[in-house]
Amino acid sequence: MLGLEKKDIRILLIVAVLTLFAPFILNPFPAGSGWAQFNAGYPDLMQRFVIFGIFAIGFNILFGLTGYLSFGHAAFLGIGSYSAVWMFKLLSMNVLPAIALAVITSGLFALLIGYISLRRSGIYFSILTLAFAQMTYALAYSVLTPITGGETGLQLALDDPRVLDGASTGSNIPVPGIFGLEMRSNSQLEMGDWVFNLSTGYYFSGIIMLLAFYLSIRIFRSPFGMMLRAIKSNQQRLNYTGLNARPYTLAAFMISGMYAGLAGGLMAAMDPLAGAERMFWTASGEVVLMTILGGAGTLIGPVLGAGLIKYMENILSKINSDILHTWFAFLPDGLEDFVVSMVYPFIGKGWHLTLGLMFMAVVIFLPGGLVEAGQRISRIFKRKKTDETSKKSTTTEPAE
Amino acid sequence: MDAIILQILNGLDKGSAYALIALGLTLIFGTLGVVNFAHGALFMIGAFCAVTLSRILTWSYTVIDETKTDFLGNPLKVEVPYVHGLFGQATGDAIIDWAVPLSILFSIPIMLFVGYAMERGLIKHFYKRPHADQILVTFGLAIVLQEIIKYFYGANPIPTPAPEVFTGSFDFGAMVGFEANQIIYPYWRLVYFGFAAVIIGAVFAFLQFTTFGMVVRAGMADRETVGLLGINIDKRFTIMFGIAAAVAGVAGVMYAPINSPNYHMGMDFLVLSFVVVVVGGMGSLPGAVLAGFLLGILESFASMSAVIDLLPGINQIIIYLVAIIILLTRPRGLMGRKGVMED
């Protein structure tokens, strides 16, 4: 089906089901209860899950397959956002042309930057991409202010031309949508104490993420993907067999840049403004963290990593010491204060510390990321099962 | 002419910081072959050593001074640092005033220990892993160190003044025979440059003229052969890691008066220092120093208003632009050796 093997179909189906039912899965606690702060099922956060999922999937095509560690991918995210917002300003509030332009421009930039950066490999490649990204960031922040809006960022205005939509008549700035369906529209579904948010923007980006995910599976399983893996494992040997690796790496770089542009365009479609801070190198570092944390080179890993980091950023960071005190209220007073003071540095504003420690632990002990952790756990269970069955067979043998 | 001299001077202090960090990075890379993304964090920890020492020195108790009154007419409460009790008022004040230079002595053992612990505890396990893994784990470590500092010292920059003697500026132009008031330069930046020159000289002298340094240089050239000669090269490389950390640390200590320490200053410097190392040539110590000063001076030239008028925004991107051009035309950097990081 769809040109995929059975195993991949299963992964795709799992991701599809998770994406479609995310508003329900992420809201396991009734609204108003003490646990409701762990609910991640609000539109803004869910959109971020899938958008950064796309970003990380794209990054994984480059890093996971070819092993080229780019430290400047956020530049493409920013370029995608800027081009999408310009499309909203000039052409139409429909998101489709905006996203198309975002993908095209970021692809062109990726072609240019990749063409230059890929002349070198290893740390030099990382530094080159970093240098290009920092340059785009600095230019967007200062000189290119007429195009990028500089420090305030690029925003929509009432008097934008919007050729297809015609000049807006009302006093409100129009919102992005797709053929009349507004991206920010959200219907709430109440079931008993539970409140679920079904947002148009989320489902739109979710479907795009599924398409992107499907495409990445196809790339992983294609001869092209095989070639990229060959580059990762031994580029020299590949050269000796008479193959030029650069067109393949350049194609991979461009594809992953286009994924980043797609993510950036979607970000602008959800919230039509773009700022230069999206291109800062810490943003590039973030997608590296996501991909490694989830598992570089695996299909589902980057999506998991993106979800985990965004969940931590939005949920863990909101827990303050008062909430902690209510959690540990059952402990005697002195002990309660002690436990809270021990836990507090790791959550709330200090969530980056947890992230850093987790990231280090993953790099040190689990080079395959969360996916490898899952595989190891399932292997332990399987071994137990086989042990049990073998025991059974040995114990039942004499009786037979 | 005087404008050019001013820009060269302006570039020197930033260039010194780049050169010192890049020197440490190159020492680590040349000896252990590890790309250390946590090196900026070491620079930052050094700066916070200065903050810590000046806090320790100004640690005080309250005394009620009956002879003076505050604006409400109550007896004035005076904060008296404990140092006064130990050394008397005049010496105590002098010690507090000189907190930043004193922090150099305070920070060296700390940084040596931090470097040693880092190498033995973490980086040792990464020699056999790919460079990408080394970058990633030290990147994670940098985040952790940064967050620990943020937890203890807060997110805001902490002003750490230089000794009173060195505050203010002097007229460099008048000293060397230009018109007065054309080239005004802060004292502390000159001190920083001199300090950086001394440290760089000390590191080179240490490597060049001591037996230990000779062994280390031999190990950098061919680690295996040195090991075969029965020399425990790993132990010496660990010590070199400690020294590199100390160099970054003292660079941070002395930079504290120029730029109030905040928890992300390390990362800000790190990105540029990496560019410096790559421009200088991976593994080349003179290259790192040369590129550090060169890029520092270029950066300050690019921020001259005449240049900005000609090429707007050039001051923001000059370093990266130079790095890209150098990497494409001279792939090994200015003074890179053959066979380093070319796999």
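Since we're looking at a predicted model, the values are computed, not measured.

The subject of this paragraph is the overall build of chain A. Check the secondary structure of chain A and you find 17 helices and six strands. Its C-alpha atoms give chain A a radius of gyration of 24 Å, near enough to 21 Å, the size a compact globule of 400 residues would have. For the C-alpha atoms alone, the extent of chain A along its principal axes is close to 85 × 65 × 45 Å. Counting over 400 residues, chain A shows a buried share of 43%. Considering only residue pairs separated by 6 or more positions, chain A has 75% of its internal contacts joining residues 24 or more positions apart.

All right, on to the overall build of chain B then. Summing up its helical and strand segments, chain B has 15 helices and four strands in all. At 22 Å, chain B has a C-alpha radius of gyration in line with the 20 Å of a compact globule built from 343 residues. The dimensions of chain B, computed from C-alpha atoms along their principal axes, are 75 × 50 × 35 Å. For chain B, the residues scored as buried account for 48% of the 343 residues in total. The contacts in chain B between residues at least 6 apart in sequence include a share of 74% that link residues at least 24 apart.

All right, on to the environment of Asn315(B) then. Residue and element names in this part refer to chain B. By secondary structure assignment, the location of Asn315 is in helix α15 (residues 314-329). Along the sequence, Asn315 and Glu299 sit 16 residues apart, while their C-alpha atoms lie 6.1 Å from each other. In this structure Asn315 touches Glu299, Ala302, Ser303 and Ile308, once residues within four positions along its chain are discounted.

Attention now moves to the interface of chain A and chain B. Opposite the 34 residues of chain A that make contact, chain B presents 32 residues. Taken together, the elements giving at least two residues each to the side of chain A that touches chain B come down to α6 (122-141), α12 (281-294) and α16 (351-365) of chain A. The greatest single-element share of the side of chain A that touches chain B, amounting to twelve residues, is contributed by α6(A).

All names here are of chain B. Following the UniProt record, one finds the feature "transmembrane region" (unreviewed entry) at residues 16-35, 42-64, 95-114, 190-216, 237-258, 270-298 and 310-328. Secondary structure over residues 42-64 splits into 70% helix and 22% strand, and the C-alpha atoms at its two ends are 42 Å apart. Secondary structure across residues 237-258 divides into 86% helix and 0% strand, with the first and last C-alpha atoms of the span separated by 32 Å.

A few words on the nonpolar core. The biggest cluster of nonpolar side chains holds 219 residues, and the ones touching the most others in it are Ile54(A), Phe55(A), Tyr259(A), Ala263(A), Leu23(B), Val247(B) and Val275(B). Ala263(A) has contacts with Ile51(A), Phe52(A), Ile54(A), Phe55(A), Leu77(A) and Gly80(A), leaving out every residue within four places of it along the chain.

Residues and elements named next belong to chain A. In this structure's numbering, the residues bearing the UniProt feature "transmembrane region" (unreviewed entry) are residues 12-29, 49-69, 98-116, 123-144, 201-220, 247-267, 287-311 and 353-374. Taken end to end, residues 49-69 is 86% helix and 0% strand, and its first and last C-alpha atoms sit 23 Å apart. Helix makes up 86% of residues 123-144 and strand 0%, and the two end C-alpha atoms of the span are 29 Å apart.

The next point concerns the pairing of strand β4 (residues 186-191) of chain A. All names here are of chain A. Of all six residues that make up β4, zero are buried, and the element is exposed over most of its length. Pairing of β4 with strand β5 (residues 194-199) involves six bridges; the strand directions are antiparallel. Following the sheet pairing, Met191 is matched in β5 by Trp194. Where β4 folds back onto β5 in an antiparallel hairpin, the turn is made up of two residues, including Gly192, whose phi is positive at roughly 60°.

Once that is clear, we can look at helix α8 (residues 187-209) of chain B. Residues and elements named next belong to chain B. The end-to-end C-alpha distance of α8, which contains 23 residues, comes to 32 Å, matching closely the 33 Å that a straight helix rising 1.5 Å per residue would cover. Inspection of α8 places Trp188, Arg189, Val191, Tyr192, Phe193, Phe195, Ala196, Ile199, Ile200 and Val203 among the buried residues, and these make up the whole buried set. Where α8 is buried, its residues contact α1 (2-32), β4 (184-186), α11 (233-255) and α13 (285-302).

Let us look at the confidence of the model for chain B. Low pLDDT means the predicted atomic positions in that stretch should not be read closely. Counting all residues, the mean pLDDT for chain B is 83, and 95% of those residues have values of 70 or more. The complex prediction reports pTM at 0.85, with the ipTM value standing at 0.81.

Glancing now at the packing of helix α9 (residues 211-221) of chain B against α11(B). All names here are of chain B. Look at α9 against α11: their axes get within 10 Å of each other, and the N-to-C directions meet at 105°. Comparing the axis directions of α9 and α11 gives the class roughly perpendicular. Two secondary-structure elements touch here, α9 through Phe212, Val215, Val216 and Gly219 and α11 through Ile233, Arg236, Phe237 and Met240. When grouped by side-chain class, the residues that make up the contact of α9 with α11 number six nonpolar, one polar and one charged.

In this section: helix α12 (residues 265-280) of chain B. The end-to-end C-alpha separation of α12(B) is 22 Å, in line with the 22 Å expected for 16 residues at 1.5 Å each. Where α12(B) terminates, the next one or two residues include Gly281(B), which has phi positive at roughly 110°.

Time to look at the environment of Gly313(B). By secondary structure assignment, the location of Gly313(B) is in the loop between α14 (305-310) and α15. Through-space distance from the C-alpha of Gly313(B) to that of Val191(B) is 30 Å; in sequence the pair is 122 residues apart.

All names here are of chain A. Looking at where Leu118 falls in the secondary structure, it is placed in the loop between α5 (95-117) and α6. C-beta crowding within 10 Å serves as the criterion here: with 21 such atoms nearby, Leu118 is assigned to the buried category. Note: C-alpha distance between Leu118 and Thr249 (131 residues apart in sequence) is 7.5 Å. Not counting residues within four places of it along the chain, the set of residues in contact with Leu118 comprises Phe125, Arg246, Thr249, Leu250 and Phe253.

What counts, and where the lines are drawn
Residues numbered from 1 in each chain as written. Chains lettered and ligands numbered in written order. Predicted model: local features only at pLDDT ≥ 70, side-chain atom pairs only at ≥ 80, totals over all residues. Helix = DSSP H or I, 4+ residues; strand = E, 2+ residues; numbered from the N terminus. Rg over C-alpha atoms; globule rule 2.2 N^0.38 Å. Buried ≥ 20, exposed ≤ 12 C-beta atoms within 10 Å, placed from the backbone. Contact = placed C-beta atoms within 7 Å. UniProt positions renumbered as here; feature names shortened; annotations may be inferred. Core = buried A, V, L, I, M, F, W, Y, C linked by C-beta atoms within 7 Å. Pairing = 2+ DSSP bridges. Expected span 1.5 Å × (residues − 1). pLDDT = per-residue confidence, 0-100. Axes fitted to C-alpha atoms, helices over the stretch in contact; angles between N-to-C directions. Parallel < 35°, antiparallel > 145°, perpendicular 65-115°, else oblique. Nonpolar A, V, L, I, M, F, W, Y, C, P; charged D, E, K, R; others polar.

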